[in-house]
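# Residue-level structural notes
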Amino acid sequence: MDAEDLSLVHLLDQVNGARADRAALQIRGGNTKHFYGEAAVGAPLDTAALSGITSYEPTELVVTARAGTRLAELEAALEEKGQCLAFEPPRFAADGTVGGMVAAGLSGPARASAGSVRDHVLGMTVLTGRGEVLTFGGQVTKNVAGYDVSRLMVGSLGILGLICEVSLKILPISVATATLRFEWDEDHALKQLKDWARHPLPIGASAWHCGELHVRLSGARAAVSAACAKLGGERIEAAPAKRWWSAIRDQSDEFFLLGEAAASRGESLWRLSVPAISGPLELPGKQLIEWNGAQRWLRTAAEPELIREAAARASGHATLMRSADKSPGVFSPLSEVLMRVHQRLKEAFDPDRIFNPGRLYVGL
Amino acid sequence: MGQATLVEISCAQPTGDARYASLPGAGWCIILQMSSTARSEVLADSSWKQRQSEVVAALQGVLPREAILSRLEDTAPFECDGLTAYRVVPMVIVLPQTESQVAAVLKLCHELRIPIVARGAGTGLSGGATPHPAGVILSLAKFNRILQVDPASCTASVQCGVRNLAISEAAAPYGLYYAPDPSSQIACTIGGNVAENSGGVHCLKYGLTLHNVLRVRGFMVDGEAVEFGSQALDAPGLDLLSIIVGSEGMLAVTTEVTVKLIPKPLLARCIMASFGDIESAGAAVASVIAHGIIPAGLEMMDKAMTAAVEAFVHADYDLQAAAILLCESDGTPEEVEEEIERMEQVLRAAGASRFEVSRDEAQRLKFWSGRKNAFPASGGISPDYMCMDSTIPRKCIAEMLREIQQMEIKYQLRCVNVFHACDGNLHPLILFDADDADQMRRCELFGADILETSVRLGGTVTGEHGVGLEKLNSMCVQFSAAERAQFTAVKQAFDPLELLNPGKVIPTLHRCAEYGKMHVRRGMLPFPELPRF
Ligand SMILES: Cc1cc2nc3c(=O)[nH]c(=O)nc-3n(C[C@H](O)[C@H](O)[C@H](O)COP(=O)(O)OP(=O)(O)OC[C@H]3O[C@@H](n4cnc5c(N)ncnc54)[C@H](O)[C@@H]3O)c2cc1C
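Residues numbered from 1 in each chain as written. Chains lettered and ligands numbered in written order. Predicted model: local features only at pLDDT ≥ 70, side-chain atom pairs only at ≥ 80, totals over all residues. Heavy atoms only, no water.

## Regarding the overall build of chain A
Definition in use: Here a strand is any run of E in DSSP of at least two residues, a helix any run of H or I of at least four, and the numbering for each starts at the N terminus. Radius of gyration: over C-alpha atoms. The globule rule applied is 2.2 Å multiplied by the number of residues raised to the 0.38 power. Any residue under 20% of the maximum accessible area for its type is buried, any over 50% is exposed, and the rest in between are partly exposed; the area is computed with a 1.4 Å probe on protein chains only. Note that accessible areas follow from Shrake-Rupley with a 1.4 Å probe, and for residues the cover is restricted to the protein chains shown. A positive count includes Lys and Arg, and a negative count includes Asp and Glu. His and the chain ends are not counted in either. Charged side chains are reduced to one point each, which is NZ for Lys, CZ for Arg, CG for Asp and CD for Glu.
Helices and strands together make up the secondary structure of chain A, namely 12 helices and 17 strands. Taken over C-alpha atoms, the radius of gyration comes to 21 Å for chain A, in line with the 21 Å a tight globule of 364 residues would show. Its C-alpha atoms put chain A at 60 × 50 × 40 Å along the principal axes. A burial count over chain A gives 60% of its 364 residues as buried. Only carbon and sulfur atoms are counted for the fraction: they give 50% of the accessible area of chain A, which is about 13,500 Å². Where the 39 positive side-chain charges of chain A centre and where its 42 negative ones centre are 4 Å apart.

Next up, the structure:
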């Protein structure tokens, strides 16, 4: 038996111990997203020992890595072969892990064009609350054998089980990219983005903030240069553009971090997910708009009800991303029928309720 | 019932306990090659007929008379789906027209514990829509309205019975289309596509159904309205849309779907390349990907398939080639030019013996005509064919084809091959004569062998057609007992009484024990040194 198997056995022991004691466990990777979701409770269950890239075959466009593998390590290995995680997961800090990325299910600036974490998950091995190690999906892109349980785990915040290993679809890094900057107000920027979406343009990412729209084009050389000519705007040089997008992607830009000053003003950071075509939401506070209008970050001290109502009116939902006070609930409430399904799924995977209880919704 | 006249392949009894044992018809079996005698025996069975009239009477309380079919001449077209070898006499078919009728039917069936099988166009190839002998077929054929095509948001909301191609047709005036394009797209419904997570020839670049659906509205088994996903790019809570898509009608009934539309590429061009041996064709596929190219489509046909389609469409295919690759690029004219050049370099370096790039749209469609007609062309060279659908890692394509050649000798049946090569998704078509019981038997063994070889090579028993009834046995090979039990637990989280499409997708423990083949271990495993059973 090698070390990795031992680490899985060790985790299994902890899980079985917790089941016997009916004690809660909080699953922990690099602990870089502790601020996300409802409060974490229970004894830490660390995935760090489950580490390493299990297999990587560039021509298969698939990589399999264990949960505790550092995201930075994975991305470096891919970059060496000219490939990447197309959904650009945020790296809040250097210690972020693959398991945490999948469990949180957060995607970066390229999400609107390249798809989400969930879209790139092909398979997974999970340790369930029944103490079973199960594998769903696989290493191939097309696979419809049984229910797609591995994708159900994406964004589940660990409430169904511990992600041990995951296979991801990877893609080649775009041949060419270019970043353009426009000085436009919110209304005009949203209208332009909406118009561009109807045309076959290689728009890989967009971000509007404080009267400036940044657009990142990516694709074939010819397509990117044709689009540059067509869209106009001011072209930003590669190196500063790269830094700029990283700050958005990793949410390390000052806007995302609730400093002391902001906190003292009672501000929170909200994430509103709405149809891209929604007009300006007219909410008080500072905004950063991504995903061609579909993701709106809002730093505000406004009442939670006001924000949730605005999101619902736009047929979307609002998440309390960072806040000193999470009493309004981090995620928009579910309909009664969906909550019932959530409860039954929790029961189906983790009947003793040991994994991350309450992290997604209180009581779940 | 005179079982002797029937070839029994699968008891339609739901998984788990014997909750249905008391239901008439529960013990009846899904039958193969149902002869007219077999059919008349079912129809002559008095307990079955009595149950049928009870169910019809109950349904008349919630549906107009013309929306309920129970006479043999009306129900016969529903005996099977695209997997025509598996047939069951349907007890009752309902054709509701409104959502409230769907809700009422579900509620009633739930109260009376009657199994429900939702049905779209019935083009499924794994028996997903095969009737349950003691159940009701919920045909959604009347849900055929396109509710909205919104060019501003690049989305369309359509009822579940709308045909896949009709969505793209409705979006065409705006320069938009719905990307997933199963070969059956003129007939199959979006509700069926959602249930199967259907693919097409453009999946690697544009994704499967899952990647192109935003929201599914429908009903839970007890008739309660429900919505999965949202009009935004995500929804709060667990990603239930992911599990609904591909759930083969076993978790909920879909009535309305909101899909993403994307701008039609300005141009598409296709390369047709011949290879003298299958190894170099397989290597060419890997090489295209290795060079960082994501083709819009990359399909492969073997020599026997090429011969069959050439006879059918006369498109001037290379009949000498061991394998033909169709490699497509789409996008702006500049993008396409750049990409075709890169593809050409790679394919030539990989040893293409004949090479042609489509000059115009007419020629591009001609290149594709054979591939698109692969199934009917196979019908032209054999009385029947069984279409398999497994996925393997791309690097194993040549090895798999060699294995299939060995199987042709072993089972004494011919097999022609078309592949979604860029996804490693195989469609071997086993040629046989369904009137010959022994050929039918060998065909099934041949099919199971292909599926299980795929699992052994690191792949899966179904890439896009679903498990249905056809691949129940092979599921025993791909998943452990604990994994199958977890599927059942998921099923019960949505449908505690297991009334939606029972008996499909998840094989029972008993069935796997009888099948007797070892589960092939994948993924991580604690205690790997212990023997597993
Ligand atoms: C010639 C031919 C070519 C094909 N090519 C492809 C291909 O390229 N790619 C591919 O992926 N498939 C292909 N298929 C398979 C088939 O067309 C797809 O699986 C399709 O999605 C089935 O749609 P349908 O409307 O016919 O569904 P049906 O066959 O009626 O049903 C399929 C399953 O979906 C369930 N279902 C249907 N509607 C609903 C609903 N509204 N709510 C809940 N459950 C529902 C049924 O219960 C059943 O389990 C092909 C089939 C044929 C005959």
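## A closer look at the side chain of E165 of chain A
Our working definition: Within 3.5 Å is the distance limit for a polar contact, defined as a pair of N or O atoms, with the added protein rule that one can donate a hydrogen and the other accept it, and that residues adjacent in sequence qualify only through two side-chain atoms. It only takes one pair of heavy atoms within 4.5 Å for two residues to be counted as in contact.
Along the chain, the position of E165 of chain A falls in strand 8 (residues 161–169). In this structure the side chain of E165 of chain A is engaged in a polar contact, spanning 3.4 Å, whose partner is the side chain of R66 of chain A. In contact with E165 of chain A, other than residues within four places in its own chain, are T54, T64, A65, R66, A67, G123, M124 and T125 of chain A together with G523 and M524 of chain B.

## So, the state of the cysteines
Residue and element names in this part refer to chain B. Where we set the bar: When two cysteine sulfur atoms are found within 2.5 Å, that pair is recorded as a disulfide.
Using the criterion set out here, one finds 1 disulfide over all chains in the structure. The disulfide partner of C476 is C512, and the gap between their sulfur atoms is 2.1 Å. Taking the torsion about the S-S bond as the criterion, the C476 to C512 disulfide, at about -80°, is left-handed. Of this pair, C476 sits in helix 17 (residues 472–478) while C512 sits in helix 19 (residues 509–515); the two residues are 36 residues apart in sequence, bridging distant segments of the chain.

## What to know about the environment of L217 of chain A
All names here are of chain A. With respect to the element layout, L217 can be found in strand 12 (residues 212–219). On the accessibility criterion, L217 (0% relative accessible area) is buried. In contact with L217, other than residues within four places in its own chain, are A176, T177, A178, L180, P202, I203, G204, V224, A227, C228 and L231.

## Some thoughts on the sheet that holds strand 6 (residues 116–119) of chain B
Residue and element names in this part refer to chain B. Here is the rule we go by: Being paired, for any two strands, means DSSP has found at least two bridges between them. Here, axes are lines fitted to C-alpha atoms. For helices the fit covers the stretch in contact, and angles between N-to-C directions go from 0 to 180 degrees.
In spatial order, the strands read 3-5-7-6; together these 4 strands make up an open sheet with mixed pairing. Two strands bound the open sheet, and with one partner strand each, they are strand 3 (68–69) and strand 6. Bridge count between strand 3 and strand 5 (residues 92–94): 2 bridges; the pairing is antiparallel. Note on strand 5: the bridge partner recorded for L69 is I93. Helix 2 (residues 46–59) rests against strand 3, strand 5 and strand 7 (136–139) of the sheet, and its axis sits at about 20° to strand 5. In the packing of helix 4 (residues 99–112) onto the sheet, contacts are made with strand 5, strand 6 and strand 7, and the angle to strand 7 comes to roughly 165°.

## Things to note about the domain arrangement of chain A
All names here are of chain A. To be explicit about the condition: Domain segmentation is taken from an automatic or database assignment of domains. Buried area counts how much accessible surface, traced with a 1.4 Å probe, disappears from two parts once they are put together, with both parts' losses summed. When a carboxyl oxygen of Asp or Glu is within 4 Å of a side-chain nitrogen of Lys or Arg, the pair counts as a salt bridge. Amino acid classes used here: Ala, Val, Leu, Ile, Met, Phe, Trp, Tyr, Cys and Pro are nonpolar; Asp, Glu, Lys and Arg are charged; the rest, including Gly, are polar.
Each assigned domain of chain A is listed with its residue range as follows: domain 1 (3–172 + 344–349) and domain 2 (175–323). Look at where the C-alpha atoms of domain 1 and domain 2 centre, and you get two points 27 Å apart. The interface is formed by 16 residues belonging to domain 1 together with 16 residues belonging to domain 2. Summed over both sides, the interface of domain 1 with domain 2 buries roughly 1,400 Å², with 52% coming from carbon and sulfur. The largest per-residue losses of area from domain 1 upon contact with domain 2 belong to F35, R91 and P109, which jointly make up 40% of the total buried on that side. Inspection of the region where domain 1 meets domain 2 yields 3 salt bridges. A salt bridge links R216 to E88; its shortest N-O distance comes to 2.9 Å. Counting across the domain 1 and domain 2 interface gives 7 residue pairs in polar contact (both at pLDDT 80 or more). Of all the elements, helix 4 (residues 111–114) adds the most residues to the side of domain 1 that touches domain 2, at 3 residues. Split by residue class, the side of domain 1 that touches domain 2 holds 9 nonpolar, 3 polar and 4 charged.

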